[in-house]
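Next come the chains, spelled out residue by residue.
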Amino acid sequence: MPGFCRYVRWTILLLIAVTSVTRAEVSDAASNGFTVMHEVIIEERRPAVYLAATDRIGEWWSGDHTVSANAKNLYLDDRVHGCFCETLGDGAGLVHMTVTFVNPNVLLRLTGGLGPLGLMGVAGNMTWEFEDAEEGTLVTLQYAVGGYMPGGLDAVAGAVDGVLGEQLARLKSFVETGGP
């Protein structure tokens, strides 16, 4: 019964987190690319949200969406030419995305293909915007991907949208409650 209770608790928390997303959508999708966008209000001041999003990414990102299956192996160096990287042990690791623009507490832009997109002929541009809002901080996440994938990139737009929506909900939960 403890496993079932844990499952119910996580299901409820995920539903609460997902329903707190202000807006989520696949803005457009075609065989040669797609754009997804998410917005969420996080009830905390902008510097704290930015710090959690960057310096503490390994504490809220889902290990299910890592190569090592352990989010603690993730780090984000929020400097130009820094990286959203993952260590794999014994000197091994990978770059998920490269930081191309930074305005601390305001905007962070990364380029690259997340997950399986990194293995395809695509280019991606992810932008995180942090704005003051009456209730805390409005975080806008937009990811535009273009290039080639057999069968068309529009086939994966919904899955990418779902994964990024989940991560943004986990960030919100982490900042507001201390747990993803």
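These numbers were taken from a predicted model, which means no experiment stands behind them. (Residues numbered from 1 in each chain as written. Predicted model: local features only at pLDDT ≥ 70, side-chain atom pairs only at ≥ 80, totals over all residues. Heavy atoms only, no water.)

Participant: What is the right way to read the overall build of the protein from this model?
Facilitator: Helix and strand content of the protein: four helices and eight strands. Counting from the amino terminus, the protein carries its helices and strands in the arrangement α-β-β-α-α-β-β-β-β-β-β-α. Taken over 180 residues, the protein has a buried fraction of 41%. Taking contacts inside the protein between residues at least 6 apart in sequence as the whole, the part at least 24 apart equals 48%. As displayed, the protein offers around 9,300 Å² of accessible surface, 56% of which is attributable to carbon and sulfur atoms. (Helix = DSSP H or I, 4+ residues; strand = E, 2+ residues; numbered from the N terminus. Buried < 20%, exposed > 50% of the residue type's maximum accessible area, 1.4 Å probe, protein only. Contact = heavy atoms within 4.5 Å. Areas by Shrake-Rupley, 256 points an atom, 1.4 Å probe, with all protein chains shown as cover.)

Participant: What's the story with the confidence of the model for the protein in this structure? I'm lost.
Facilitator: Regions with low pLDDT carry predicted coordinates that are not meant to be interpreted in detail. Per-residue confidence for the protein gives a mean pLDDT of 89; residues scoring 70 or more make up 87%. Across residues 1–20 the pLDDT falls below 50, and counting only partners more than four positions away or on other chains, this stretch makes five contacts in the model. (pLDDT = per-residue confidence, 0-100.)

Participant: Please clarify how the nonpolar core should be interpreted in this entry.
Facilitator: Proteins that are soluble and globular tend to have nonpolar side chains buried together. By size, the foremost hydrophobic cluster in this structure holds 38 residues, and its most contacted members are Phe84, Met126, Trp128, Tyr143, Leu164 and Leu171. In terms of residue count, the dominant contributor to this core is helix α4 (residues 157–177) (seven residues). Apart from the residues lying within four places of it in its own chain, the contact partners of phenylalanine 84 are Ile57, Trp61, Leu74, Tyr75, Leu76, Val95, His96, Met97, Leu110 and Leu114. (Core = buried A, V, L, I, M, F, W, Y, C linked by side-chain atoms within 4.5 Å.)

Participant: Sorry if this is basic, but what is going on with unusual backbone geometry here?
Facilitator: Of all residues except glycine, most have a negative phi; of all peptide bonds, most are trans. Positive phi, close to 65°, is recorded for alanine 69, a residue that is not glycine. By the element assignment, alanine 69 lies in the loop between α3 (57–60) and β3 (74–76). When its relative accessible area of 60% is taken as the criterion, alanine 69 is described as exposed.

Participant: Just checking my understanding: could you explain the state of the cysteines for this structure?
Facilitator: One way to say it: the disulfide is the covalent bond shared by the sulfur atoms of two cysteines. One pass over the full model with this rule turns up one disulfide. The disulfide partner of cysteine 83 is cysteine 85, and the gap between their sulfur atoms is 1.7 Å. On the sign convention where negative means left-handed, the S-S torsion of about -130° between cysteine 83 and cysteine 85 marks this disulfide as left-handed. By relative accessible area, cysteine 83 is classed as buried at 14%. We classify cysteine 85 as buried; its relative accessible area is 3%. (Disulfide = S-S within 2.5 Å.)

Participant: Looking at this structure, I do not really get the environment of phenylalanine 174. What am I missing?
Facilitator: With respect to the secondary-structure elements, phenylalanine 174 resides in helix α4. Sequence-wise, phenylalanine 174 and alanine 52 are 122 residues apart; in three dimensions their C-alpha atoms are separated by 8.1 Å. If near-sequence neighbours (up to four positions away) are discounted, phenylalanine 174 is found in contact with Ala52, Arg56, Glu59, Trp60, Gly179 and Pro180.

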